[in-house]
Amino acid sequence: MTARDAIADGQPEEAGLPRGRGSTLSEDLRSTLEEMIVSGQLQPGTRLDEAEIAAQFKVSRTPVREALKALIATGLVEVKSRQGVTVATISIPILLEMFEMMAALEGLCAKLAARRATQSEKANLRAIHARLIEALDASEPERFYAINHTFHDALYDAAHTHFLAGQTRALRRRVAAYRRHVTHQPGRMAATIGEHARILEAIERADAESAFRAASEHVNLLGDDMADFISSLPPALTQAL
């Protein structure tokens with residue numbers, strides 16, 4: 001699928017660019033393209049043509065160029081000599097390192113949440129967890145993935161840290177196209193429920209070390225689990241090998 005096809009699938013034919021309050025045109029376009037990459041609508045390896053994007057969103061090529069430059073800076077987009085600008089593809093060795101880093105960062109967020117979370121934040125995490133169970137019972141993986149994203153965002157907020165939460169969110173978005181596929185692994189959603197429960201229990205007990213271990217183990221896919229995950233990836237997501 002080309003970028004034009006992917007954008008057309010997600011946008012009404014007559015629709016322009018969604019505008020944010022107080023933001024520039026290039027910022028709105030960057031945000032829209034970033035969300036399409038994170039959601040998997042624009043897959044790794046997809047070529048991003050300036051003219052096609054400008055025509056689809058009914059804007060000039062200048063804000064498109066600025067938006068792509070901003071996305072290149074985040075690592076979500078890359079420039080290849082023959083293909084031009086494309087959605088970034090991560091090699092398996094780097095992907096493994098990124099998941100290991102994610103495990104450490106999530107563990108630190110959970111550790112701080114165990115020390116700092118308010119009662120309302122703990123209640124919110126429990127409520128989100130209950131919604132995850134409902135999505136599992138209904139066998140709705142896409143809904144489950146979205147709620148799971150909300151759970152982790154709430155966990156970062158409960159850590160009450162700006163830099164750590166920002167870095168964790170940035171890395172999470174960087175691997176989102178890959179992490180989404182974990183949800184579809186056999187037994188992964190059910191396993192997530194138990195893993196989240198252990199994180200929640202540790203936070204509610206104010207047990208910082210247990211919270212760190214539970215959150216780290218939740219993210220850190222090892223051994224057979226990682227092998228199964230990699231083997232399930234579509235060719236487009238592993239073409240950098």
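Computed from a prediction, not measured in an experiment: that's the story for all the values here. (Residues numbered from 1 in each chain as written. Predicted model: local features only at pLDDT ≥ 70, side-chain atom pairs only at ≥ 80, totals over all residues. Heavy atoms only, no water.)

## Re the pattern of salt bridges
- Under the criterion given, the structure shown has 16 salt bridges.
- Among the ionic pairs, E34 bridges to R173, the shortest N-O distance being 2.8 Å. Here R173 lies in helix α8 (residues 163–174) and E34 lies in helix α2 (residues 25–38), a separation of 139 residues in the sequence. (Salt bridge = Lys/Arg side-chain N within 4 Å of Asp/Glu carboxyl O. Helix = DSSP H or I, 4+ residues; strand = E, 2+ residues; numbered from the N terminus.)

## A look at unusual backbone geometry
- Even without being glycine, K58 reaches a positive phi, approximately 60°.
- Taking the relative accessible area as the measure of exposure, K58 reaches 53% and is therefore exposed.
- One non-glycine residue, A206, lies in the positive phi region at around 60°.
- When you line up the elements, A206 lands in the loop between α10 (188–204) and α11 (208–219).
- We classify A206 as partly exposed; its relative accessible area is 48%. (Buried < 20%, exposed > 50% of the residue type's maximum accessible area, 1.4 Å probe, protein only.)

## Examining the packing of helix α5 (residues 92–116) against α10
- At a minimum axis separation of 8 Å, α5 and α10 run at an interaxial angle of 35°. Taking contact as the criterion, the partners of A110, A113 and A114 in α5 are, on α10, I199, A202 and I203.
- Its residues assigned to classes, the contact of α5 with α10 comprises six nonpolar, no polar and no charged. (Axes fitted to C-alpha atoms, helices over the stretch in contact; angles between N-to-C directions. Contact = heavy atoms within 4.5 Å. Nonpolar A, V, L, I, M, F, W, Y, C, P; charged D, E, K, R; others polar.)

## Side note on the nonpolar core
- With 45 residues, the main nonpolar core has L95, L125, L155, V175, I199 and I203 as its most contacted residues.
- Counting residues per element, the ones that place at least two in this core are α5, α6 (119–137), α7 (141–158), α8, α9 (176–183), α10 and α11.
- Dropping the residues within four chain positions of it, I199 is found in contact with A110, L155, A214, A215 and H218.
- Within the second largest apolar cluster, 18 residues are counted, among which are I37, I53, V85 and V87. (Core = buried A, V, L, I, M, F, W, Y, C linked by side-chain atoms within 4.5 Å.)

## Overview of the packing of α5 against α8
- In contact at an axis separation of 10 Å, α5 and α8 are set at 145° when each is read in the N-to-C sense. In this structure, the crossing between α5 and α8 has a hand that is left-handed. Listed contacts from α8 to M98, M101, M102, L105, E106, L108, C109 and L112 of α5 are L164, Q167, T168, L171, R172 and R174.
- Here the residues of the contact of α5 with α8 are counted per class, giving nine nonpolar, two polar and three charged. (Left-handed = near helix turned anticlockwise from the far one by under 90°.)

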